[in-house]
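Results of the structural survey
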Amino acid sequence: QQQVKQSPQSLIVQKGGISIINCAYENTAFDYFPWYQQFPGKGPALLIAIRPDVSEKKEGRFTISFNKSAKQFSLHIMDSQPGDSATYFCAASYNNNDMRFGAGTRLTVKP
Amino acid sequence: DAGITQSPRHKVTETGTPVTLRCHQTENHRYMYWYRQDPGHGLRLIHYSYGVKDTDKGEVSDGYSVSRSKTEDFLLTLESATSSQTSVYFCAASFQGATEAFFGQGTRLTVV
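These numbers come from a predicted model, not from an experiment.

**Some words on the overall build of chain B**
- A count of helical and extended segments in chain B gives 0 helices and 11 strands.
- Taking 2.2 N^0.38 as the reference for a compact globule, 112 residues should give roughly 13 Å; the C-alpha atoms of chain B span a radius of gyration of 13 Å, in line with that estimate.
- Taking the principal axes of the C-alpha coordinates as reference, chain B spans close to 35 × 25 × 25 Å.
- Each of the 112 residues in chain B was classed as buried or not, and the buried ones make up 49%.
- As displayed, chain B offers around 5,000 Å² of accessible surface, 47% of which is attributable to carbon and sulfur atoms.
- For chain B, the distance from the average position of its 11 positive side-chain charges to the average position of its 12 negative side-chain charges is 3 Å.

Rendered as structure tokens:
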């Protein structure tokens with residue numbers, strides 16, 4: 001079964017709007033939660049990551065919110081731009097080796 | 001691509017034939033990973049390596065084997081390719097586990 005569940009599968013947002021992607025995990029041993037961005041024909045690239053000792057991390061227009069008790073974390077993209085159109089993956093890792101990914105969210109930002 | 005090169009980039013092979021995909025990295029990453037990407041499943045870990053000759057299974061390892069004889073090279077072998085192994089395969093590498101992983105460009109494999 002998928003250890004990291006991601007929603008929605010696809011998301012359409014107007015330029016300037018807020019994009020929100022959610023992930024939930026089951027294994028409380030996970031201790032590293034990254035988000036990856038993937039453009040067509042390319043490999044995923046790290047966007048932002050958080051560890052469970054903080055509840056929020058912000059880098060530019062991208063923010064991760066983390067709720068340890070609910071075992072959920074989310075990516076917020078403020079002022080979404082057409083260049084943000086890509087597939088986004090959440091992931092979770094533990095034991096310093098095994099990283100599990102969500103199924104991905106295809107984001108489209110309309111001009 | 002952070003110094004990670006996959007070869008070949010595209011391959012079509014017949015059912016039952018062995019196939020080897022190569023991942024080469026130039027940044028001296030300790031950890032290397034092979035994932036497959038399929039619609040609706042995201043990226044699923046096949047095998048990973050935490051050092052030369054040190055490998056372990058991921059969540060979808062059946063039908064695959066790996067070898068790492070040098071720090072810079074991580075090979076993925078499909079011992080007898082099946083149509084269910086048609087996928088896009090990504091290699092990744094990281095300096096430590098549970099830290100940023102750098103991905104290659106992917107290999108699109110079609111088994112006919």
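**Quick word on the overall build of chain A**
- What chain A contains, in helices and strands, is 0 helices and 11 strands.
- Starting at the N terminus and walking to the C terminus, you meet the elements of chain A as β-β-β-β-β-β-β-β-β-β-β.
- Since a compact globule built from 111 residues should have a radius of gyration of about 13 Å, the 13 Å found for chain A is in line with a globular shape.
- The C-alpha extent of chain A, read off along each of the three principal axes, is 40 × 30 × 20 Å.
- The 111 residues of chain A split such that 47% are buried.
- Taking all contacts inside chain A whose residues are at least 6 apart in sequence as the whole, residues at least 24 apart take part in 52%.
- Taken as a whole, chain A presents about 5,300 Å² of accessible surface, with 48% of it coming from carbon and sulfur.
- Both charge centroids of chain A, one from 12 positive and one from 8 negative side chains, sit 6 Å from each other.

**Topic: the nonpolar core**
- Membership of the largest hydrophobic core comes to 25 residues, with the highest contact counts inside it found for Phe 30, Phe 33, Trp 35, Phe 73, Leu 75, Tyr 88 and Leu 107 of chain A.
- The greatest single-element share of this core, amounting to 5 residues, is contributed by strand E9 (residues 86-94) of chain A.
- Judged by nonpolar contacts, the second largest core, of 19 residues, contains Leu 21, Ile 46, Tyr 64 and Cys 91 of chain B.

**As for the pairing of strand E6 (residues 54-57) of chain B**
All names here are of chain B.
- Here 4 bridges tie strand E5 (residues 42-51) to E6, and the two strands are oriented antiparallel to one another. By the bridge assignment, Gly 51 is partnered in E6 with Asp 54.
- What sits between E5 and E6 in their antiparallel hairpin is a turn of 2 residues, with Lys 53 showing a positive phi close to 65 degrees.

**Considerations on the environment of Lys 5 of chain A**
All names here are of chain A.
- Relative to the elements of secondary structure, Lys 5 occurs in strand E1 (residues 4-7).
- Residue Lys 5 is classed as exposed on the basis of its relative accessible area, which comes to 52%.
- Taking the C-alpha atoms as reference points, Lys 5 and Cys 23, 18 residues apart in sequence, are found 5.5 Å from one another.
- The residues touching Lys 5, leaving out its near neighbours within four places in the chain, are Asn 22, Cys 23, Ala 24 and Glu 26.

**Comments concerning unusual backbone geometry**
- In the segment running from Ser 7 of chain A into Pro 8 of chain A, the intervening peptide bond is cis, with an omega of -5 degrees.
- Tracing the backbone through its elements, the reader meets Pro 8 of chain A in the loop between E1 and strand E2 (10-14).
- Between Ser 7 of chain B and the following residue, Pro 8 of chain B, the backbone shows a cis peptide bond with an omega angle of -10 degrees.
- For Lys 53 of chain B, which is not glycine, the phi dihedral falls at a positive 65 degrees.
- Residue position: Lys 53 of chain B is located in the loop between E5 and E6.

**Quick look at the sheet that holds strand E6 (residues 56-59) of chain A**
Residues and elements named next belong to chain A.
- The 5 strands are arranged E1-E3-E8-E7-E6 in an open sheet whose pairing can be described as antiparallel. Edge positions in the open sheet fall to E1 and E6, since each of these has one partner strand only. Strand-to-strand, the axes of this sheet are offset by a mean angle of 15 degrees, without reference to chain direction.
- As judged from the 6 bridges shared by strand E3 (residues 19-25) and strand E8 (residues 72-77), these two strands associate in the antiparallel manner. Its bridge partner being in E8, Asn 22 is matched across the sheet by Ser 74.

**Considerations on the layout of surface pockets**
- Of the volumes computed, that of the largest pocket is approximately 730 Å³.
- Lining the largest pocket are 30 residues, and of these Gln 38, Thr 87 and Arg 106 of chain A together with Gln 37 and Arg 108 of chain B sit closest to its centre.
- Mapped onto the lining of the largest pocket, the elements with two or more residues apiece are E9 and strand E11 (105-110) of chain A together with strand E4 (31-38), strand E9 (87-94) and strand E11 (107-111) of chain B.
- Broken down by element, the residue count for the lining of the largest pocket peaks at 4 residues, all from E11 of chain B.

Rules used in this analysis
- Residues numbered from 1 in each chain as written.
- Chains lettered and ligands numbered in written order.
- Predicted model: local features only at pLDDT ≥ 70, side-chain atom pairs only at ≥ 80, totals over all residues.
- Heavy atoms only, no water.
- Helix = DSSP H or I, 4+ residues; strand = E, 2+ residues; numbered from the N terminus.
- Rg over C-alpha atoms; globule rule 2.2 N^0.38 Å.
- Buried < 20%, exposed > 50% of the residue type's maximum accessible area, 1.4 Å probe, protein only.
- Areas by Shrake-Rupley, 256 points an atom, 1.4 Å probe, with all protein chains shown as cover.
- Lys, Arg positive; Asp, Glu negative; His and termini not counted.
- Charge placed at Lys NZ, Arg CZ, Asp CG, Glu CD.
- Contact = heavy atoms within 4.5 Å.
- Core = buried A, V, L, I, M, F, W, Y, C linked by side-chain atoms within 4.5 Å.
- Pairing = 2+ DSSP bridges.
- Axes fitted to C-alpha atoms, helices over the stretch in contact; angles between N-to-C directions.
- 1 Å grid on protein atoms, 1.4 Å probe; cavity = no way out; pocket = protein on both sides within 12 Å on 5 of 7 lines; lining within 4 Å.
- Points joined across faces, edges and corners; volume = space filled by probe spheres on them.

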